[in-house]
Structures are given as C-alpha cells and as structure tokens.
Amino acid sequence: MAAYVLVHGAGHGGWCYQRVAPILRSAGHEVYTPTLTGLGERSHLLHPEIDLDTHIRDIAAVLHYEDLREVILVGHSYAGMVITGAADRAADRVARLVYLDAGAPTSGQSLLDLNVIGAMISESRPFGKVIDGVEVVLLPFPEAGTFYGVTDPDDLAWMADRLTAHPWKCFEQPVKADETALRAIPRYYIVCTSTLALPILDPELVAVARDEGRLWEIDTGHDLMITEPRAVADALLEIAAT
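What counts, and where the lines are drawn
- Residues numbered from 1 in each chain as written.
- Predicted model: local features only at pLDDT ≥ 70, side-chain atom pairs only at ≥ 80, totals over all residues.
- Heavy atoms only, no water.
- Helix = DSSP H or I, 4+ residues; strand = E, 2+ residues; numbered from the N terminus.
- Buried < 20%, exposed > 50% of the residue type's maximum accessible area, 1.4 Å probe, protein only.
- Polar contact = N/O pair within 3.5 Å; in protein donor to acceptor, adjacent residues only side chain to side chain.
- Contact = heavy atoms within 4.5 Å.
- Pairing = 2+ DSSP bridges.
- Axes fitted to C-alpha atoms, helices over the stretch in contact; angles between N-to-C directions.
- Phe/Tyr/Trp six-rings, centres within 6.5 Å; stacked < 30°, edge-to-face > 60°.
- Lys NZ or Arg CZ within 6 Å of the ring centre and 35° of its normal.

Engineer: What is the right way to look at the side chain of Thr220 in this model?
Structural biologist: Looking at the secondary structure, you find Thr220 in the loop between strand 9 (215-218) and helix 10 (224-227). Judged by its relative accessible area of 17%, Thr220 falls in the buried class. A distance of 2.7 Å separates the side chain of Thr220 from the side chain of Thr227, its partner in a polar contact. Ignoring sequence-local partners within four residues, the contact set of Thr220 consists of Cys192, Ser194, Thr227 and Glu228.

Quick look at the structure:
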C-alpha cells in the first residue's frame, strides 16, 4: 500500500482531486488531498504573509502530523514549487516526487524564473487586485476553467464554484533546497502534450525522463486531474509499482 499526498496548483484546492483520489483508494492506497492556506475551503485564512514558504510548511506539516513515510508526493502546476520545498524539509518521509504538469525548480528559483510558466503568470498580474492588503491574481470568473485547459461546460461550472484567487507573493519567493538530498529522491513527470510543445520543462530533462521510463504524456488540458482522471490515476499507480 502506498501513501499519496496530492497537492493542488494555484487558485485550486484539494477538491480538484475528487476524481483521482477514489481510483487510488479503490486500489488499496492511502490518499491525502490537503488544501493550501488561503485557497479553497481555507480561503477565509487569506492574509498578507502567505507565500511559498507558507505552503511548503502546510505540506511538511501534513507529512509530520499524519506520520507518513515512503510518500508519493504529487504536485500540480505551481505545486511543483511546493513539493520541491516540502521534500527538502522532510526528505526522510518522501519516496518519490511526481510533477503533474508542473515546473521542476532548482534551489534559488521562483515560479517566475521558470521561463514559460513565469511568463504566463506574469501576464495575469495586471488583472489582479488587492484584497484586505493581499495582492492576488487568477481571480475566478464563470469560465475561468478555460485558462486551465478545461472545455466541458459541466466541468467549467463545477470549477467556477470552487476556484479562488491566489496570493502573488507565492510566485515571487524562490524555493530553497539541498540539491544533493533532492537528487536522491526519484522524480517522475506526468505532463500534457501541449506542455511538452511549449516547453515548460527542460527538453533535456524530458528526454532523460522519457528514456528512463519516468515520464507519462497525456493529451489533454492543463487541469488533467479533472479532464483525464483515469489516465492520471493509472500513471500514479504505475509509479507506485516501480
């Protein structure tokens, strides 16, 4: 039995894994889908000091207080930053890192430093606002899900009720990590075909991961856990079996 911790991306919450988690649990695995501070059902906790480090501590705390070991730590999109930092702080608890259509930073990089991802997030800043002293971006609107590659009308309506704005500060703060310790943790990549074309990930990294059987490609939009939950779950199950 594996223990999965599935971490959502910017503007989302643990709710976005509602279609993936039951598949993993039905295969006999433990699954945790925490929501980061200031987002989703924790959006009432939004405050000016929330940054990347806050979210790293959120996930490190889940690993500690749930006493999880040999964890498969999965991060979607922005959460590639979060799981990298959390793995650094709890390396003894993490068995595998999975970047789910996510950037894979090195120590000292912020999300804004990750070429295509940084450019896309920067483009959202002029459309943000300040709420209770917090600069936020990715403000929700009725068809906000289209920004995440979702097209189904029912999915868009479901997402519109749940997406929340995201603190800008999170994207500016660089992750700090011991690269030597992180390299000891196997890394896997589940990516969208369109992501490979941009490219969001380093092409050399992609080539090596593909050759070593550590990369899965799914032809769908960025929020692949919503649009292709079965394919995502199957890839995660394969990773647990490696």
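Engineer: Whenever I open this one, the sheet that holds strand 2 (residues 30-32) confuses me. Can you help?
Structural biologist: Pairing between the strands of a sheet comes from backbone hydrogen bonds, and it takes one of two forms, parallel or antiparallel. Pairing is parallel across the open sheet formed by six strands, whose spatial order is 2-1-3-4-8-9. Of all the strands in the sheet, just strand 2 and strand 9 have a single pairing partner and so form its edges. Pairs of neighbouring strands in the sheet enclose a mean axial angle of 15°, with direction left out of account. Pairing analysis gives three bridges linking strand 1 (residues 3-7) to strand 2, with the strands arranged parallel. Across the sheet, residue Ala3 finds its bridge partner in strand 2, namely Glu30. Along the sheet, helix 3 (residues 79-89) contacts strand 1, strand 3 (71-76), strand 4 (94-100) and strand 8 (187-192); its crossing angle with strand 3, the most-contacted strand, is approximately 150°. This element, helix 9 (residues 203-211), spans strand 8 and strand 9 of the sheet and lies at about 105° to strand 9.

Engineer: Just checking my understanding: could you explain the environment of Tyr189 for this structure?
Structural biologist: Note that Tyr189 resides in strand 8. Overall, Tyr189 belongs to the buried group, its relative accessible area being 3%. Along the backbone, Tyr189 and Arg210 are 21 residues apart, and their C-alpha atoms lie at a distance of 8.9 Å. Setting aside residues no more than four positions away along its own chain, Tyr189 makes contact with Tyr99, Ala104, Leu201, Leu205, Ala209, Arg214, Leu215 and Trp216.

Engineer: Looking at this model, I keep getting lost on the packing of aromatic side chains. Mind explaining?
Structural biologist: Within a pair of aromatic rings, the relevant descriptors are the distance that separates the centres and the angle that separates the planes. A full pass over the atoms with the stated rule returns six aromatic pairs. Measuring from centroid to centroid gives 5.2 Å for Trp15 and Trp158, while their planes differ by 85°, and the two rings are edge-to-face. Here the residue Trp15 occupies a position in the loop between strand 1 and helix 1 (21-26), and Trp158 occupies one in helix 5 (residues 153-160), the gap between them amounting to 143 residues. Each member of the pair Trp15 and Trp158 is classed as buried. An angle of 85° between the planes, with centres 5.2 Å apart, marks the rings of Phe147 and Tyr148 as edge-to-face. Classification of Phe147 as partly exposed rests on a relative accessible area of 42%. Since its relative accessible area comes to 7%, Tyr148 is described here as buried. An aromatic cluster is defined as three or more aromatic residues linked by ring pairs; in this entry it consists of Tyr78, Trp168 and Phe171. The residue whose ring lies beneath Arg19 is Trp158, and the NZ or CZ to ring-centre distance is 4.9 Å.

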